[in-house]
Structure formats: structure tokens, C-alpha cells
Amino acid sequence: MSRKTILGIAFTTIVLASAMNTKPVPGHTSSSETTSKESLLIPSHPVKLSYTVKTSKLEKLIFEKINQYRASKKLPRLKLDSKISKQARIHSQDMAKHRVPFSHNGFVKRVNKISIRYKSASENVAFNFGYDDPVAEAVKGWIESPSHLKNIKGKYNLTGVGVAVNSEEEYFLTQIFILSK
């Protein structure tokens with residue numbers, strides 16, 4: 001399969017990695033179990049991008065959309081934490097630069113680097129290409145996916161968001177959720 005064919009497939013789909021979360025371990029801050037290892041492909045309508053991407057603006061939009069969704073379900077708002085966002089951003093950048101695969105690989109290590117004592121943590125990641133609103137596509141996909149939605153609706157109080165775009169205009173989005181101690 002050529003690169004062109006792969007891009008053609010990616011151009012018409014949004015890819016969401018299965019949600020990742022951890023289970024509480026008393027007095028411990030580094031356990032995790034995946035909920036699933038399957039990817040979800042959701043077709044959407046591609047639109048060629050023709051502007052400079054401001055990833056910090058996209059990160060803020062994800063944060064706002066997730067909190068709007070939580071509020072609509074009578075759930076408490078999440079607080080945006082810069083240390084969590086830094087780790088989410090690094091992961092998105094690493095995926096965008098193809099240093100790591102599109103996955104949750106290294107999730108426990110990312111969470112432990114945050115240096116926040118936590119009871120539980122989870123992560124949603126998304127990839128998309130060629131959409132006029134990559135944030136809306138990612139959030140819509142997460143909400144339509146039971147394992148991602150579980151993280152969005154989960155008992156968390158902190159979050160961080162990271163977005164990266166590579167030279168091929170591929171978007172990699174990561175959101176980490178934390179319930180602090």
C-alpha cells in the first residue's frame with residue numbers, strides 16, 4: 001500500500017484510539033489497564049485546510065467542548081491543568097512526528113511525569129486529516145464511542161489537552177483526565 005493510498009484512506013476518516021484509563025490503587029500512582037485495543041473509524045466530510053493552525057486555540061476549544069458536554073449531563077466542570085496539558089501536548093507532538101505510533105503507548109509514564117497525586121486517570125486520543133473543524137470531529141467521535149465517552153463522563157476533576165499538526169496536515173489530539181487525591 002503506497003503512502004498516497006494510506007493518505008486517501010486517512011483523508012476520509014477520523015481515527016480514535018480506544019480510551020485508556022487506570023483503576024485506583026491505594027497509595028500508588030502508576031497502575032493502568034486498557035479498556036479496549038480496537039480503533040474506531042468514523043467517516044466524515046473532508047475539507048482542505050488553507051490557514052495557519054493555532055494549536056493552543058484548538059486545545060482550548062477541546063477543553064471548552066468537553067466541559068460543555070459535561071455540563072449538559074449535570075457533571076462538574078473539569079479544571080484545565082498546565083502540567084497535564086504539557087504531557088498531552090508532548091504525546092500529540094510525538095505521534096505527529098511519528099516518534100511513537102498513534103496509540104496510548106507510554107500512558108502510565110505520561111501520567112507519572114505530571115507529578116500530581118491521583119486516584120485514577122484516563123486518556124482519549126484522536127487523529128484526523130483534512131477537516132475544516134478537527135476539534136469538532138474529534139469530540140464528536142469521542143462522544144459517539146462508548147469507551148471514550150466513559151472517560152469524558154468519568155469522575156475526574158482535572159484535565160489537560162494537547163494538539164499537534166504535522167507537515168502533512170494530520171491532526172493528533174490527546175486529552176488526559178485525572179482525579180486528584
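Rules used in this analysis
Residues numbered from 1 in each chain as written. Predicted model: local features only at pLDDT ≥ 70, side-chain atom pairs only at ≥ 80, totals over all residues. Heavy atoms only, no water. Buried < 20%, exposed > 50% of the residue type's maximum accessible area, 1.4 Å probe, protein only. Helix = DSSP H or I, 4+ residues; strand = E, 2+ residues; numbered from the N terminus. Pairing = 2+ DSSP bridges. Core = buried A, V, L, I, M, F, W, Y, C linked by side-chain atoms within 4.5 Å. Contact = heavy atoms within 4.5 Å. Phe/Tyr/Trp six-rings, centres within 6.5 Å; stacked < 30°, edge-to-face > 60°.

1. Examining the pairing of strand S7 (residues 170-180)
Strand residues, when the strand is regular, have side chains that alternate between the two faces of the sheet. Counting buried residues in S7 gives 11 out of 11 residues, a clear majority hidden from the surface. Both faces of S7 are covered, namely the face carrying Glu-170, Phe-172, Thr-174, Ile-176, Ile-178 and Ser-180 and the face carrying Tyr-171, Leu-173, Gln-175, Phe-177 and Leu-179. Here strand S6 (residues 158-165) hands over to S7 after 4 residues, with Glu-169 in that stretch at a positive phi of 60 degrees.

2. A short note on the nonpolar core
Ranked by size, the top nonpolar core spans 20 residues in total, and within it Ile-62, Ile-66, Trp-142, Ile-152, Val-163, Leu-173 and Phe-177 carry the most contacts. Every element with two or more residues in this core is listed here: helix H2 (55-72), helix H5 (134-144), helix H6 (146-152), S6 and S7. Ranked by residue count, the leading element in this core is H2, at 5 residues. Sequence-distant contacts of Ile-152, defined by excluding residues within four places in its chain, comprise Ile-66, Tyr-69, Arg-70, Asn-124, Trp-142, Ile-143 and Phe-177. Core analysis: the second largest hydrophobic core is formed by 11 residues, Ile-84, Val-111, Ile-114 and Tyr-118 among them.

3. Some details on unusual backbone geometry
In this structure, Ser-115 is a non-glycine residue whose phi angle is positive, near 55 degrees. Residue placement: Ser-115 occurs in the loop between helix H4 (107-113) and strand S5 (118-129). The phi dihedral of Glu-169 is positive, around 60 degrees, even though this residue is not glycine. With respect to the helices and strands, Glu-169 occurs in the loop between S6 and S7.

4. Comments concerning the packing of aromatic side chains
In this structure the tally under the stated criterion is 4 aromatic pairs. Ring centres of Phe-127 and Phe-172 lie 5.0 Å apart, and the angle between their planes is 50 degrees; this geometry places the pair in the tilted category. Taken as a pair, Phe-127 in strand S5 and Phe-172 in strand S7 lie far apart in primary sequence, 45 residues in all. What makes Phe-172 buried here is its relative accessible area of 3%. Ring centres of Tyr-156 and Phe-177 lie 5.7 Å apart, and the angle between their planes is 35 degrees; on these two criteria the pair is classed as tilted. You can see Tyr-156 sitting in the loop between H6 and S6 and its partner Phe-177 sitting in strand S7, a full 21 residues away along the chain. Overall, the relative accessible area of 10% leaves Tyr-156 in the buried class. Taking relative accessible area as the criterion, Phe-177 reaches 0% and is therefore assigned buried. Clustering of aromatic rings is evident, with ring pairs tying together Phe-102, Phe-127 and Phe-172.

5. Here we look at the pairing of S5
Burial within S5 is extensive, with 11 of its 12 residues counted as buried. Pairing of S5 with S7, which is carried by 11 bridges, proceeds in the antiparallel orientation. Among the inter-strand pairings, Asn-128 is bridged to a residue of S7, identified as Tyr-171.

6. Some details on the environment of Ser-115
The exposure class of Ser-115 is exposed, given its relative accessible area of 57%. Taking C-alpha positions, Ser-115 is 9.1 Å from Ile-84, a pair spaced 31 residues apart along the chain.

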